[in-house]
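Chain and residue survey
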Amino acid sequence: MKKILIIEDEKSIAELERDYLEINGFQTDIELTGDAGLRKALNEDFDLILLDVMLPHMDGFEICKRVRSSKEIPIIMVTAKKEEIDKIRGLGLGADDYLVKPFSPNEMVARVKAHLSRYERLSSKQHESQELYIRGLFIDRTSRRVFVNNQEVTFTTKEFDVLTFLAMNPNQVFSKEQLFERIWGLNSTGDISTVTVHIRKIREKIEHDPSNPEYIDTLWGAGYRFR
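Owing to the predicted nature of the structure, the values given are computational and were not obtained by experimental measurement.

Helix and strand counts for the protein chain come out as eight helices and 12 strands. A sequence separation of at least 24 residues applies to 57% of the contacts in the protein chain between residues at least 6 apart. Total accessible area on the protein chain stands at roughly 11200 Å², and carbon and sulfur atoms take up 48% of it.

Set out below in structure tokens:
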């Protein structure tokens, strides 16, 4: 049974999330404060975290950053704020997705299932020995590690997935919508800003000069291409 950690200070919302997840066969734990949620996230094994942004003692952004530094499990951030900057900040720290309150509980369950399914498929492929080497960039798909000029660089799960997908399909142009569908698999309008954030973070990690990229080109009005 998959185990979900809910970090949410509004007890009624946390219990609603718990009820819908348990009806769908998940085991859940709830923490109502940020510091307690972080301790549980780091010290116990969970398959996914539902993480509220505004929390007492420690906000969701800090929790996301600390969890992502040691674990690759999916993180879905939940926020009452509609400002785009909050969504982009969370995604930039390694969150896989976000939900804006008020949200449909059924949509929440659908997103949880989708991210768990994709994470499982990616984990099951770690035994395949596949390596990519492109002009000083080395991608080891077996261990999900990336090296730039022989120096290892840390990638989040989705950053690695985007980079690997583009590198395995060189010289092909993919729109933001196509990348979003291929990597996240969630057909939700407005969420394609996720792609822009991840491409920017990838460039910062692999490009000598991110403003003049060697690996990932932007074709304005069309999308991105790996060369």
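Under the 1.5 Å per step criterion, the end-to-end length of helix H8 (residues 193-206) is 20 Å for 14 residues, consistent within 8% with the ideal 20 Å. Buried residues of H8: Ser 193, Thr 194, Val 195, Val 197, His 198, Ile 199, Ile 202, Arg 203 and Ile 206, and no others.

To summarise the sheet geometry, strands pair through backbone hydrogen bonds and adopt either a parallel or an antiparallel arrangement. The antiparallel open sheet is built from three strands, whose spatial order is E10-E12-E11. Looking at which strands have only one partner, the edges of the open sheet turn out to be strand E10 (173-174) and strand E11 (216-219). Across two bridges, the pairing between E10 and strand E12 (residues 223-226) is antiparallel. What sits directly across from Phe 174, in E12, is Tyr 224. Those strands touched by helix H6 (residues 157-167) are E10, E11 and E12, and its axis lies near 65° from that of E12. On the sheet, H8 packs against E11 and E12 and is oriented at approximately 140° with respect to E11.

Attention now moves to the nonpolar core. Ranked by internal contacts, the top residues of the largest apolar core, which has 27 residues, are Leu 137, Phe 155, Leu 163, Leu 166, Ile 206, Ile 216 and Phe 226. Looking at this core, the elements with two or more residues in it are strand E6 (131-134), strand E7 (137-140), strand E8 (145-148), H6, helix H7 (176-183), H8 and E12. Broken down by element, the residue count for this core peaks at six residues, all from H6. Setting aside residues no more than four positions away along its own chain, Leu 137 makes contact with Leu 132, Val 146, Phe 147, Val 148, Leu 163, Ile 206, Tyr 215 and Phe 226.

With that settled, consider the sheet that holds E7. Reading across the sheet, the four strands line up as E6-E7-E8-E9 and stay open at both edges, with antiparallel pairing between neighbours. Either end of the sheet is taken by a strand with one partner, and the two such strands are E6 and strand E9 (151-153). Strand after strand, the sheet turns through a mean of 20° between neighbouring axes, direction not considered. Inspection of the sheet shows E6 paired to E7 by four bridges, in the antiparallel sense. Looking across to E7, one finds that Tyr 133 is bridged to Phe 138. This element, H6, spans E6, E7 and E8 of the sheet and lies at about 110° to E7.

To continue, consider the pattern of salt bridges. Tallying each qualifying case throughout the model produces 24 salt bridges. Glu 120 is the salt-bridge partner of Lys 2, the closest N and O atoms lying 2.6 Å from each other. Of the two residues, Lys 2 is situated in the segment before strand E1 (3-7) and Glu 120 in helix H5 (residues 105-124); the sequence distance between them amounts to 118 residues. By relative accessible area, Lys 2 is classed as partly exposed at 28%. Overall, Glu 120 belongs to the partly exposed group, its relative accessible area being 43%. In this structure, Lys 201 and Glu 204 form a salt bridge, with 3.9 Å as the shortest nitrogen-oxygen distance. One end of the pair, Lys 201, and the other, Glu 204, are both in helix H8, three residues apart, so they sit about a helical turn from each other.

This next bit is on the packing of aromatic side chains. For the coordinates displayed, the defined rule picks out five aromatic pairs. For the pair Phe 138 and Phe 147, a centre-to-centre distance of 6.0 Å together with 45° between the ring planes defines the contact as tilted. For Phe 147, a relative accessible area of 18% puts it in the buried group. Pairwise contacts between aromatic rings join Tyr 133, Phe 138 and Phe 147 into one cluster. Between the NZ or CZ atom of Lys 3 and the centre of the ring of Phe 46, over which it lies, the distance is 4.9 Å. The ring of Phe 155 has Lys 205 lying over it, and the distance from NZ or CZ to the ring centre is 5.1 Å.

Close contact between H6 and H8 brings their axes to 10 Å; oriented N to C, the two are set at 80°. Regarding the angle of H6 to H8, the classification is roughly perpendicular. Packed against H6, whose contacting residues are Lys 158, Glu 159, Val 162, Leu 163 and Leu 166, the element H8 presents His 198, Ile 199, Lys 201, Ile 202, Lys 205 and Ile 206 at the interface. When the residues that make up the contact of H6 with H8 are grouped by side-chain class, the tally is six nonpolar, one polar and four charged.

The rules we used
Residues numbered from 1 in each chain as written. Predicted model: local features only at pLDDT ≥ 70, side-chain atom pairs only at ≥ 80, totals over all residues. Heavy atoms only, no water. Helix = DSSP H or I, 4+ residues; strand = E, 2+ residues; numbered from the N terminus. Contact = heavy atoms within 4.5 Å. Areas by Shrake-Rupley, 256 points an atom, 1.4 Å probe, with all protein chains shown as cover. Expected span 1.5 Å × (residues − 1). Buried < 20%, exposed > 50% of the residue type's maximum accessible area, 1.4 Å probe, protein only. Pairing = 2+ DSSP bridges. Axes fitted to C-alpha atoms, helices over the stretch in contact; angles between N-to-C directions. Core = buried A, V, L, I, M, F, W, Y, C linked by side-chain atoms within 4.5 Å. Salt bridge = Lys/Arg side-chain N within 4 Å of Asp/Glu carboxyl O. Phe/Tyr/Trp six-rings, centres within 6.5 Å; stacked < 30°, edge-to-face > 60°. Lys NZ or Arg CZ within 6 Å of the ring centre and 35° of its normal. Parallel < 35°, antiparallel > 145°, perpendicular 65-115°, else oblique. Nonpolar A, V, L, I, M, F, W, Y, C, P; charged D, E, K, R; others polar.

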